[in-house]
Amino acid sequence: MSDSTAALYRQLPAIDKLLQLDEVQTLVIESGHHWVTEQLRDMQQQAREFIQQYEQLPAWHADWVTELTKRHNRLQESAIKPVFNLTGTVLHTNLGRAVMAQSAVEAVNKVMSSPVTLEYSLDGATRGHRDRALADLFCQLTGAEDACIVNNNAAAVLLLLATVAQGKQVIVSRGELVEIGGAFRVPDVMAQAGCQLVEVGTTNRTHLRDYVNAINEHTALLMKVHTSNYSIEGFTAEVEGAELAELGKQYQLPTAIDLGSGSMIDMTAYGLPAEPMPQTYLSQGIDLVSISGDKLLGGPQAGIILGKKKWIEAIQKHPLKRALRADKMTLAALEATLKLYCTPEKLVTELPTLRWLTRSADEIKARAQRLIVPLQAFYGDKFVVEIEPCLSQIGSGSLPVDRLPSYAVTFAPFDGRGNTLALLMARWRHSTQPVIGRLKEGKLWLDLRCLDDEHALLQVLLS
Ligand SMILES: *Cc1c(COP(=O)(O)O)cnc(C)c1O
């Protein structure tokens, strides 16, 4: 070791000395002696490595307490934090899908902070299971005979298949072997549930006779999967729910539909693209329908199986149910969400998902016009800041071809460099409430469809 390196090492403060400082003691009270000493040791190690490599002290050596405080603040920050979703995708899986109604937030708060009647009946009657109250609400809303609630729709499909068709064959159309983002693939779920997938028809056309020809003594289930994230157009044919239900009756085989997004209201009444509803299939005689809780339903992450009592009872008793069941917070949020559906008039104002989906382009444009002046004043030296029409997406298993007209504030760098945009994005990503936009055509787009608090956004963007 050279003399100069040794001299640099000697300048590093001793941990004992640092621990005696008042500011450091405050951090010890907040985060514990163990954490603080560990951080100081780590900082010392980093400083030594820096000296070895560059023959000088790191910049933060000037103020060890500030560096330690920075590390402490990072520790306090949550890894899951609120952001502004200005991506233009309303149900964004990476941003947590549906945002909950206020009543759902309050319901979760209550069940988190107190013991609750999750599996306890106050009138002395034995309660079969934790889904009971919610199942009744679902039955009332969809006409199902019974319901089962689990962790998510993937779990719902797995449990449904394992109960109804384990060790047997399930017939599905080739055109419906869906992959949903995040590794949900129908063939894989079949395999995990111990079922043998029997593909029938072709990619673009499947007929009733294809199902009929595949039925044999090993068949346990006729199934349809809603092609929620793609569409096959042109020369196509699929077997409708009513036909499949009829076929099931004829051969005494159960029928099921994995619906995914599963809106429970007629979306076209709100000027939105049509989405199949579970109640339609149930009334057509399909035995079991599965839907997600956090897509168009606008509730918490959950999977719901709706259908015939006989099958739901078997599903509730399957050992996998215990592993896949929903927790009390999910059930509370889902119950509060469903109660809004009992008063449909309230849905548009109280359910954020529906409020954002139905927000008109004019309203969004007016919002953009209020924001553009301060944004131009702040960013105008480096960027062309403009209001431009764009198209929002519903997201999370709704047809990607269905777009909603919207408006965005766009930022195009004068220097035309991608790096300038990348820096801007990075800066917004690291603000107190990160702002998430979309890069397209050499510009940064902030689609204002899902923005509720303009003031809060300006505070972040103008700081
Ligand atoms: C979204 C979706 C799933 C997966 O549901 P999760 O709630 O994300 O587990 C399964 N099937 C279909 C058709 C879907 O749209």
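What counts, and where the lines are drawn
- Residues numbered from 1 in each chain as written.
- Predicted model: local features only at pLDDT ≥ 70, side-chain atom pairs only at ≥ 80, totals over all residues.
- Heavy atoms only, no water.
- Helix = DSSP H or I, 4+ residues; strand = E, 2+ residues; numbered from the N terminus.
- Polar contact = N/O pair within 3.5 Å; in protein donor to acceptor, adjacent residues only side chain to side chain.
- UniProt positions renumbered as here; feature names shortened; annotations may be inferred.
- Contact = heavy atoms within 4.5 Å.
- Phe/Tyr/Trp six-rings, centres within 6.5 Å; stacked < 30°, edge-to-face > 60°.
- Buried < 20%, exposed > 50% of the residue type's maximum accessible area, 1.4 Å probe, protein only.
- Lys NZ or Arg CZ within 6 Å of the ring centre and 35° of its normal.
- Near = heavy atom within 4 Å.
- Areas by Shrake-Rupley, 256 points an atom, 1.4 Å probe, with all protein chains shown as cover.
- Nonpolar A, V, L, I, M, F, W, Y, C, P; charged D, E, K, R; others polar.
- Pairing = 2+ DSSP bridges.

A. Expanded view of the side chain of Asp131. Locating Asp131 in the fold gives a position in the loop between α6 (102-112) and α7 (132-142). One polar contact links Asp131 to Gln316, side chain to side chain, over a distance of 3.1 Å.

B. Region of interest: the UniProt feature "modified residue: N6-(pyridoxal phosphate)lysine" (unreviewed entry) in the protein chain. Per the UniProt record, the feature "modified residue: N6-(pyridoxal phosphate)lysine" (unreviewed entry) sits at Lys295. Summarising the element assignment, Lys295 is placed in the loop between β10 (288-292) and β11 (303-307).

C. Molecular detail of the environment of Tyr270. Among the structural elements, Tyr270 can be located in the loop between β9 (255-260) and α12 (278-283). In sequence terms Tyr270 and Leu354 are 84 residues apart; their C-alpha atoms lie 9.0 Å from each other. Apart from residues lying up to four places away in sequence, Tyr270 is in contact with Ile265, Pro344, Leu347, Val348, Leu354 and Thr358.

D. Fine view of the packing of aromatic side chains. A complete count under the given rule lists eight aromatic pairs for this structure. Measuring from centroid to centroid gives 4.6 Å for Phe50 and Tyr54, while their planes differ by 45°, and the two rings are tilted. Of the two residues, Phe50 and Tyr54 are both situated in helix α4 (residues 33-54); the distance of four residues between them amounts to about one turn of the helix. Take Phe50: its relative accessible area is 26%, and that puts it in the partly exposed class. Overall, Tyr54 belongs to the partly exposed group, its relative accessible area being 46%. Centroid distance Tyr379 to Phe383: 6.4 Å. Interplanar angle 70°. Geometry classified as edge-to-face. Summarising the burial analysis for this pair, Tyr379 and Phe383 share the class buried. Its guanidinium or amino end placed over the ring of Phe235, Arg205 lies 3.8 Å from that ring's centre, counting from NZ or CZ. Sitting above the plane of the Trp445 ring, Lys440 keeps its charged end 4.2 Å from the centroid.

E. The arrangement of the site of the ligand in detail. In the vicinity of the ligand, 13 residues are found, and the nearest of them are Ala154, Ser228, Asp258, Ser292 and Lys295. One of the backbone N or O atoms of Asn153 is found 3.0 Å from an oxygen atom in the ligand. For the ligand, an oxygen atom lies 2.8 Å from a polar atom in the side chain of Lys295. With the chains in place, 95% of the 390 Å² that the ligand exposes on its own is no longer accessible. Counting residues per element, the ones that place at least two in the shell around the ligand are α8 (153-165) and β9. The class makeup of the residues in the shell around the ligand is three nonpolar, seven polar and three charged.

F. The arrangement of the UniProt feature "domain: L-seryl-tRNA selenium transferase N-terminal" (unreviewed entry) in the protein chain in detail. Within the UniProt annotation, "domain: L-seryl-tRNA selenium transferase N-terminal" (unreviewed entry) is assigned to residues 9-48. Here residues 9-48 is 88% helix and 0% strand, with 7 Å between the C-alpha atoms at its ends.

G. Just the pairing of strand β8 (residues 219-225), in detail. Most of β8 is tucked away, with seven of its seven residues classed as buried. Of the pairings in the sheet, the one linking strand β4 (residues 169-173) to β8 comprises three bridges and is parallel in character. Each residue of the ladder has a partner; that of Ile171, found in β8, is Leu222. Judged from the four bridges that link them, β8 and β9 form a sheet pairing that is parallel. Bridged to Met223 within β9 is Ala256.

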